[in-house]
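Architecture and fold: a report
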Amino acid sequence: QVQVVESGGGLVQPGGSLRLSCVASGAVFFIGPMSWYRQAPENERELVAEIGVSETTMYADSVKGRFAISRDNTKNTMYLQMNSLKPEDTAVYYCKMAVRATQNQGLKYYWGQGTQVTVSS
């Protein structure tokens, strides 16, 4: 089984920074694309950032220039560095990873349980 767990959320003032982490554990042979999503109350879940195997990245327009996604394949870990945070960044942040459990299996998507980020003075 594969487990995906986020950490690093919390309460921060506007203009502050947070760094989220997401770790995959268990039966992990290979990890493909990794993504961060977020969901604010009464809103749909939205894609924030994605990083490919070759470390190509994409960002939602609302976070470009403020957030940075990265990955460490040796640790099965993905990060989201969030700078210049705004109240509208408040949401539960989820990570999603495309994981191949064994050499003979295809990629399967796994979601973390979410971590709360609150930006408020």
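Residues numbered from 1 in each chain as written. Predicted model: local features only at pLDDT ≥ 70, side-chain atom pairs only at ≥ 80, totals over all residues. Heavy atoms only, no water.

Right, let's talk about the state of the cysteines for a bit. The tally for this structure, following the rule as stated, stands at one disulfide. Here Cys22 connects covalently by a disulfide to Cys95, the sulfurs 2.0 Å from one another. On the S-S bond that ties Cys22 to Cys95, the torsion sits near 50 degrees, and the link is right-handed. On the criterion of sequence distance, the pair formed by Cys22 in strand E3 (residues 18-26) and Cys95 in strand E9 (residues 91-100) is long-range, its members being 73 residues apart. Assigned by exposure class, Cys22 and Cys95 land together as buried. (Disulfide = S-S within 2.5 Å. Helix = DSSP H or I, 4+ residues; strand = E, 2+ residues; numbered from the N terminus. Buried < 20%, exposed > 50% of the residue type's maximum accessible area, 1.4 Å probe, protein only.)

Applying the stated criterion to the full structure yields one aromatic pair. Over the ring of Tyr94 we find Arg45, and its NZ or CZ is 3.7 Å from the ring centre. Sitting over the ring of Trp111, Arg45 keeps its end group 4.8 Å from the ring centre. (Phe/Tyr/Trp six-rings, centres within 6.5 Å; stacked < 30°, edge-to-face > 60°. Lys NZ or Arg CZ within 6 Å of the ring centre and 35° of its normal.)

Applying the stated rule across the entire model yields four salt bridges. One salt bridge connects Asp89 with Arg38, and the closest N-O pair in it is separated by 2.9 Å. One end of the pair, Asp89, is in the loop between strand E8 (77-82) and E9; the other, Arg38, is in strand E4 (residues 30-39), with 51 residues separating them in the sequence. Like Arg38, Asp89 is buried. What you see here is one network of salt bridges that share partners, running through Arg38, Glu46, Arg66 and Asp89. (Salt bridge = Lys/Arg side-chain N within 4 Å of Asp/Glu carboxyl O.)

This part takes up the nonpolar core. Formed by 31 residues in total, the largest nonpolar core has its most connected members in Trp36, Met78, Leu80, Met82 and Tyr93. At five residues, the largest contribution of residues to this core is made by E9. (Core = buried A, V, L, I, M, F, W, Y, C linked by side-chain atoms within 4.5 Å.)

Position of Leu47 among the secondary structure elements: in strand E5 (residues 46-51). Relative accessible area serves as the criterion here: at 28%, Leu47 is assigned to the partly exposed category. In sequence terms Leu47 and Tyr94 are 47 residues apart; their C-alpha atoms lie 9.4 Å from each other. Filtering out sequence-adjacent residues up to four positions away, Leu47 remains in contact with Ser35, Trp36, Tyr37, Met58 and Ala60. (Contact = heavy atoms within 4.5 Å.)

Our focus in this paragraph is the sheet that holds strand E1 (residues 2-7). Ordered in space as E1-E3-E8-E7, the four strands form an open sheet in which the pairing is antiparallel. Strand pairing shows two members of the sheet lacking a second neighbour, E1 and strand E7 (67-72), which therefore form its edges. The sheet shows a mean angle of 15 degrees between the axes of neighbouring strands, taken without regard to direction. Inspection of the sheet shows E3 paired to E8 by six bridges, in the antiparallel sense. Residue pairing in the sheet places Ser21 in a bridge with Tyr79 of E8. (Pairing = 2+ DSSP bridges. Axes fitted to C-alpha atoms, helices over the stretch in contact; angles between N-to-C directions.)

Coordinates in, geometry out; function isn't part of it.
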